[in-house]
Amino acid sequence: MVTVLDMPETTSPITLNQPAPAPEPEVERGMIEIDRLGFAYGNHQVLHDVSLSIPARAVTAFIGPSGCGKTTLLRCLNRMNDLIDSARITGGAIRIEGVDINAPSVDVVDLRRRVGMVFQKSNPFPKSIYDNVAYGLRIAGVTKRALIDEAVERSLRSAALWDEVKDRLHVSGYGLSGGQQQRLCIARALAVEPEIVLMDEPCSALDPIATAKVEELIRQLKQQYTIVIVTHNMQQAGRCSDHTAFFYLGRLIEFDLTTKIFSNPGQRQTEEYITGRFG
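Residues numbered from 1 in each chain as written. Predicted model: local features only at pLDDT ≥ 70, side-chain atom pairs only at ≥ 80, totals over all residues. Heavy atoms only, no water.

A. Structural view of the pattern of salt bridges. Under the criterion given, the structure shown has 15 salt bridges. Measuring nitrogen to oxygen at the nearest pair gives 3.5 Å for the salt bridge that ties D110 to R113. Linking D110 with R113, this pair stays in helix α2 (residues 108-114), spanning three residues, or about one helical turn. The class for D110 is partly exposed, based on a relative accessible area of 35%. Taking relative accessible area as the criterion, R113 reaches 31% and is therefore assigned partly exposed. One salt bridge connects E164 with R183, and the closest N-O pair in it is separated by 2.9 Å. (Salt bridge = Lys/Arg side-chain N within 4 Å of Asp/Glu carboxyl O. Helix = DSSP H or I, 4+ residues; strand = E, 2+ residues; numbered from the N terminus. Buried < 20%, exposed > 50% of the residue type's maximum accessible area, 1.4 Å probe, protein only.)

This is the structure we're talking about:
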């Protein structure tokens, strides 16, 4: 006689081949992370609680009326404001690839090599075209002529200037046109192989033809570099940038894809600025 034993009831059904829960999507971190940044010159607060994630290998434009803090923020990204006695961070942090750039352990000289800068007014040194581009390399201790020659040619090609100056590398940089001088300054910044290039109104002193050349150069350079540009020219921001940040009175009002900012802004202040109602 076979005895059948009662099987204990299970409290939950057994499901075969149950799919594993989907992993949480990873949030892509920007090349530059600005986290609740505050900044002041003496008692004058210039930036208020700015948070912004700047993506790698893209062009990000800072726009806004004069005095809104966009150039101050740009200069924070490579600690150029350290050169001003009264300048100070009042809160928050800036991180590049996860590293707080204002930490005591950060080498400011190395930071400025990694984060190059091109200023509003072209500022070639009173040296030859060759020596302008080679300057940063020599400061960094590079002495081998073949390495310097290679870097000078590579940087001038990257700045779309090589074909125009290759036969007069030992002529003064002052002998170039305004647009060529600005591209020379870009080549000088690229020679030390930065990861990020900051540009403060790089075309404001240039004629339309030179401006078009610099804008085309910016579009090409984003294949290799993370670029942040300050501009008052909204058409230029629309032509050159992938992302745009609009600032007003030291605050970030809106940050989004450039196409979205210019076609369908999310904030009334942004719309009023880009349509010319103020600024």
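B. Local environment of the nonpolar core. Counting 44 residues, the largest nonpolar core has L156, I186, M199, I218, L221 and I227 as the members making the most contacts within it. Those residues in contact with M199 that lie beyond four places of it in its chain are L74, V118, I186, I218, L221, I227, V228, I229 and V230. Counting residues in each nonpolar core, the second largest holds 32 residues, with M31, I32, I94 and L111 among its members. (Core = buried A, V, L, I, M, F, W, Y, C linked by side-chain atoms within 4.5 Å. Contact = heavy atoms within 4.5 Å.)

C. Main features of the sheet that holds strand β4 (residues 87-96). The sheet built from four strands is open, its strands ordered β2-β1-β4-β5 with antiparallel pairing. Taken across any chain shown, the strands that pair with only one partner, and hence form the sheet edges, are β2 (44-54) and β5 (99-100). The sheet contact formed by strand β1 (residues 32-41) and β2 spans seven bridges and is antiparallel. Across the sheet, residue E33 finds its bridge partner in β2, namely S53. (Pairing = 2+ DSSP bridges.)

D. Quick peek at the side chain of T270. Here T270 shows up in helix α10 (residues 268-274). Taking the relative accessible area as the measure of exposure, T270 reaches 0% and is therefore buried. Excluding residues within four positions of it along the chain, T270 makes contact with F246, I253, E254, I261 and P265.

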